[in-house]
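Each chain, letter by letter, is given below.
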Amino acid sequence: LDTHLEQFHLLKEFEKKTNVPKVFVASGAAFIFFVLIFFNVWGDLLTNILGFVYPSYASFKAIESSNKDDDVQWLTYWTVFAFLNLIEFFSDILLFWLPFYYFFKATIILYLVLPQTRGALTVYQSILRPFLVKEQANIDAALNAGINKLKVFFL
């Protein structure tokens, strides 16, 4: 972990000025982050930060790299994340009442994000892809019908 944290300039500077190891700072910040989520203090905000900020930056780095494997990883993540957000939008009235909902949501996001788990790829291949392949013609027809109605309305 210490070698991975070497790439973060702010952590290195903080370690030099305070003599507190980078690993302690990162571990403490992660602990506080998850305690806040666990007790639902800014749970929605913190899980959105977890689901959007790092993946957005990792996607930027993937776009800028010549490696296409990371492009597939992050496109898959965004597809699964969008699908889960759509489900959450329509079911949040029920989900909000579940104890520790945001803690479970943060755990799921970590499962999707972390390259060690390849969670987004697993969810995509086992759940989302079969559904989309089966329903692709219906989805395309509905999208085309909607686009045609919008064209008539605005033109």
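Residues numbered from 1 in each chain as written. Predicted model: local features only at pLDDT ≥ 70, side-chain atom pairs only at ≥ 80, totals over all residues. Heavy atoms only, no water.

J.: I'd like a rundown of the nonpolar core, residues and numbers included.
T.: Membership of the largest hydrophobic core comes to 18 residues, with the highest contact counts inside it found for Ile37, Trp74, Tyr77, Val80, Ile109, Leu112 and Val113. Elements that contribute at least two residues to this core include exactly α4 (43–64), α5 (69–95), α6 (101–113) and α7 (119–154). Per-element tally for this core: the top contributor is α6, with six residues. With residues near it in sequence (within four places) discarded, Tyr77 still touches Gly51, Pro55, Ile109, Leu112, Val113 and Ala120. (Core = buried A, V, L, I, M, F, W, Y, C linked by side-chain atoms within 4.5 Å. Buried < 20%, exposed > 50% of the residue type's maximum accessible area, 1.4 Å probe, protein only. Helix = DSSP H or I, 4+ residues; strand = E, 2+ residues; numbered from the N terminus. Contact = heavy atoms within 4.5 Å.)

J.: Give me the lowdown on the packing of α5 against α6, citing residues and values where you can.
T.: At a closest axis distance of 10 Å, the pairing of α5 and α6 adopts a crossing angle of 165°. Classified by the interaxial angle, the pair formed by α5 and α6 is roughly antiparallel. Handedness of the α5/α6 crossing: right-handed. Residues Gln73, Trp74, Tyr77, Val80, Phe81, Leu84, Asn85, Glu88 and Leu95 of α5 touch α6, and the partners they reach there are Tyr101, Lys105, Ile108, Ile109, Leu112 and Val113. Of the residues assigned to the contact of α5 with α6, the class counts are 11 nonpolar, two polar and two charged. (Axes fitted to C-alpha atoms, helices over the stretch in contact; angles between N-to-C directions. Parallel < 35°, antiparallel > 145°, perpendicular 65-115°, else oblique. Left-handed = near helix turned anticlockwise from the far one by under 90°. Nonpolar A, V, L, I, M, F, W, Y, C, P; charged D, E, K, R; others polar.)

J.: I'd love a proper account of the packing of α4 against α5, names of residues and values included.
T.: Between α4 and α5, the shortest axis-to-axis distance is 9 Å and the interhelical angle comes to 150°. Considered as vectors, α4 and α5 are oriented roughly antiparallel to each other. In this structure, the crossing between α4 and α5 has a hand that is left-handed. In contact with Gly51, Phe52, Tyr54, Pro55, Ser56, Ala58, Ser59, Ala62 and Ile63 of α4, α5 contributes Asp70, Asp71, Trp74, Tyr77, Trp78, Phe81 and Asn85. Split by residue class, the contact of α4 with α5 holds 10 nonpolar, four polar and two charged.

J.: So what about the side chain of Lys105? Which residues, and what values?
T.: As for its position among the elements, Lys105 is in helix α6. Note on Lys105: relative accessible area 10%, which makes it buried. Not counting chain neighbours up to four residues away, the residues in contact with Lys105 comprise Asp44, Thr47, Asn48, Asn85 and Glu88.

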